[in-house]
Amino acid sequence: NAGVTQTPKFRVLKTGQSMTLLCAQDMNHEYMYWYRQDPGMGLRLIHYSVGEGTTAKGEVPDGYNVSRLKKQNFLLGLESAAPSQTSVYFCASSYPVLRSSEQYFGPGTRLTVT
Amino acid sequence: AQSVTQLGSHVSVSEGALVLLRCNYSSSVPPYLFWYVQYPNQGLQLLLKYTTGATLVKGINGFEAEFKKSETSFHLTKPSAHMSDAAEYFCAVSVALSGGYNKLIFGAGTRLAVHP
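## What about the state of the cysteines?
Working definition of a disulfide: a covalent bond connecting the sulfur atoms of two cysteines. Here the structure, examined in full by the defined rule, presents 2 disulfides over all chains. A disulfide bridge connects C23(A) with C91(A), and the sulfur atoms are separated by 1.8 Å. The S-S bond linking C23(A) to C91(A) shows a torsion near -75°; that makes this disulfide left-handed. Here C23(A) is found in strand 3 (residues 19-25), whereas its partner C91(A) is found in strand 9 (residues 87-94), with 68 residues between them in sequence. Disulfide pairing places C23(B) opposite C91(B) at an S-S distance of 2.0 Å.

If you want it as C-alpha cells, here you go:
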C-alpha cells in the first residue's frame, strides 16, 4: 500500500495564480483532512471531509476550497494565491472511529507564493 | 476549549542521554492524546497514543509517555537518545466535532537535536 500520497511535492506560484493540490489514499478511509504547517504554529486544520461528497471548514479555511468527488481523493484548491499562503500542506486520512482514531499523513507539499 | 502547549520549541541532548519532551493539555472532557514525530522533509508518523486504561503508554522506537490527569500532562520520554531521534515532535489532543466526528489539535512542536 502506498498509504497517503500528495502531488505535487513542491510548487512556486505568483500572487493571484491558482492551483490544486491532490491527495490520494488507498486505505479506504472515510475521513480526510488538509492541514497547513507554519513555523512555531504546529499544524492547523484547513478543511476536512467525513465522506465522499461532503466537506467542512476547519480552523483556517479562508482562501481555500476543497472537493471530495471520490472516496480516495481529496483536492485542495487555491483560487487566488497570496504570500500568506506560503506554507507546507499536509493531507491526512483516518478511519471513522471517534476520538481515538490515528490520522495517517502524506509527505507534504511545500508551496511558495511570491 | 481544548488546547495543547509544548514547553520548549528546541531541545538539545547528547547521544545516550535522557529525552524529555513536555506537553500539557487543556480539555473539558477526558482527553485522547497523541505524540507524532516528523523527520526532515517527511510527513507525520504516530509515535504513541493514550485513549483510556493504562496511563503509561509505550510507543515505537523506545519512546513512552505518561498521562497525568492531576498535572494535565502527557510528557514524552526515552531513556537513551540516539542520533536517529533528531526530528520534530508534536503533541496533539483529539477534539469532538458536531455530528460525532473528531479532529486533532496540535501543539507548536518541539525540535529535538541529538549531539554526539
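## Quick look at the pairing of strand 7 (residues 64-68) of chain B
All names here are of chain B. Here strand 7 shows one buried face, formed by A65 and F67, and one open face, formed by E64, E66 and K68. Here strand 6 (residues 56-58) runs beside strand 7; their pairing, made up of 3 bridges, is antiparallel. Across the sheet, L56 pairs through a bridge with E66, a residue of strand 7. Sheet topology places strand 7 next to strand 8 (residues 73-78); 5 bridges connect them, and they run antiparallel. Residue pairing across strands places F67 opposite F74, the latter belonging to strand 8.

Quick notes on the rules
Residues numbered from 1 in each chain as written. Chains lettered and ligands numbered in written order. Predicted model: local features only at pLDDT ≥ 70, side-chain atom pairs only at ≥ 80, totals over all residues. Heavy atoms only, no water. Disulfide = S-S within 2.5 Å. Helix = DSSP H or I, 4+ residues; strand = E, 2+ residues; numbered from the N terminus. Buried < 20%, exposed > 50% of the residue type's maximum accessible area, 1.4 Å probe, protein only. Pairing = 2+ DSSP bridges.

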